[in-house]
Amino acid sequence: TPSKPRAPPPAGGRSLALSPRMQRDELAAWLRLTLTPGVGNGAARRLLAAFGLPQNIFAQGERAWQSCVTTAQARALARVPEELEALTERTWQWLLDGRAPAQPAHGIVTLGDEAYPPALLATEDPPLLLYLLGAPQFVQGGAPFAPQHSLAMVGSRNPTAQGADHARQFARALREAGLCVVSGLALGIDAAAHEGALIDPPDGAAPATIAIVGTGLDRVYPRANKELAHRIARHGLLVSEYPLGTPPLPANFPKRNRIISGLSQGTLVVEAALASGSLITARLAAEQGREVFAIPGSIHAPQSRGCHALIRQGAKLVESAQDVLEELRWHAPAAAIPAEQPASEEPLAPSYQCVLDALGFDPLGLDALVARTGLDAATLQVQLLEL
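Residues numbered from 1 in each chain as written. Predicted model: local features only at pLDDT ≥ 70, side-chain atom pairs only at ≥ 80, totals over all residues. Heavy atoms only, no water.

> Talk me through the pairing of strand S4 (residues 180–183); I want residue IDs and the actual numbers.
Residues Cys180 and Val182 point to one face of S4 and Val181 and Ser183 to the other, with burial holding for every one of them. Handedness of the crossover joining strand S3 (residues 150–154) and S4 through helix H9 (residues 161–176): right-handed. Strand direction decides the pairing type here: S4 and strand S5 (residues 209–212), joined by three bridges, are parallel. Pairing of Ser183 across the sheet is with Ala211, part of S5. Between S4 and its parallel partner S5, the chain crosses via helix H10 (residues 189–197), and the hand of that crossover is right-handed. (Buried < 20%, exposed > 50% of the residue type's maximum accessible area, 1.4 Å probe, protein only. Helix = DSSP H or I, 4+ residues; strand = E, 2+ residues; numbered from the N terminus. Right-handed = clockwise from strand over helix to strand, strands pointing away. Pairing = 2+ DSSP bridges.)

Next comes the structure, spelled out in structure tokens:
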């Protein structure tokens, strides 16, 4: 559509990670377009549709620009951002550093690049530039870096132990079935989803997992996920639309959610409170015409209320990875779906079994458990510890 044109691809149709030195000017032009204040993605796409690559845009004058943008935007385009030269040098050096052997590769994919994922390009607001850090075969492969069969997994930053375990189990099963797991590298469910996808990662042509971050790729946020980010860089990809040096600004994280959902066939919400940012990703997925899935939980758990709200609004209730695969019509070999772990066959003493039966599947306070079992608190605490 006129609001979402695809710009002509760079010479050779390759990402800037593989470009020769003569294309440094092209990098500077793309950075200038993204840095110009007041010129958002929509205005930039109109300019690209009218004039082609950014070098061609800046070869025009204000009068030509005003056929696509406002007078104020045209005046802004005429001014070279003060930080452009330093950022261009920093970014170009970063690209060169990403060519070192036995290290994660660095790359930049532009809106007109053949490596730009078609699913994201078809969304309402595709980023102009995407910075990539990861395994060389994904950064420098030339094909779209995100596979067609991808699923976003999001959820609470403060999940229950059961919720985090669900995220790991689902991610592992979905990845082994051939899906790439996309998430946001946040604490909680995001991190658990990445971890699950990285269990026995494949050495294939598709990344095990993709992390969409809200900072520049020369930073890791949160710091607690630094080691996880390094593992993702070895077996998958970290992706950002933000220039190098961008700090973790609060406004960037909701904005990046459109990329998480846009790269994926669907979005699975594992646990989420009613005010969770994960619901933003689910809403964006629905607006983009993608499937939305939710795992139900206890009616007493605040972390389940967001999932229950999504289900009431039409999200698909799922209890297993197979439910997701069937909805996506993705027929993976049966052997690819890990079987549930069988329960222990060793019988429990009746007193311990009584405690387990009384617990049920919802969180329960000690006083309520005392009332249900008839045991005194000291005996009950000993049995809980031993269990």
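> Lay out helix H13 (residues 278–287) in plain terms, naming residues and giving numbers.
Of all the residues in H13, the buried ones are Ser278, Leu279, Thr281, Ala282, Leu284 and Ala285. Along its buried surface, H13 packs onto S3, helix H12 (252–262), strand S7 (266–269), strand S8 (291–294) and helix H14 (302–312). (Contact = heavy atoms within 4.5 Å.)

> Please give an account of the sheet that holds strand S1 (residues 105–110) that cites residues and values.
The pairing of strands in a sheet happens through backbone hydrogen bonds and is either parallel or antiparallel. Read across the sheet, nine strands follow the order S1-S2-S6-S5-S4-S3-S7-S8-S9 without closing on themselves; strand pairing throughout is mixed. The sheet terminates laterally at S1 and strand S9 (316–317), the two strands that pair on one side only. Bridging between S3 and S4 involves three bridges; their strand directions are parallel. Looking at S4, one finds that Leu151 is bridged to Val181. Contacts from H12 reach strand S2 (129–134), S3, S4, S5 and S7, with the element oriented near 160 degrees to S5. Its contacts with the sheet put H14 on S7, S8 and S9, and the angle it makes with S8 is roughly 135 degrees. (Axes fitted to C-alpha atoms, helices over the stretch in contact; angles between N-to-C directions.)

> I'd love a proper account of the side chain of Ser264, names of residues and values included.
Its location among the elements puts Ser264 in the loop between H12 and S7. A relative accessible area of 3% means that Ser264 is categorised as buried. Setting aside its immediate chain neighbours within four residues, Ser264 contacts Ser150, Leu151, Ala152, Val182 and Arg290.

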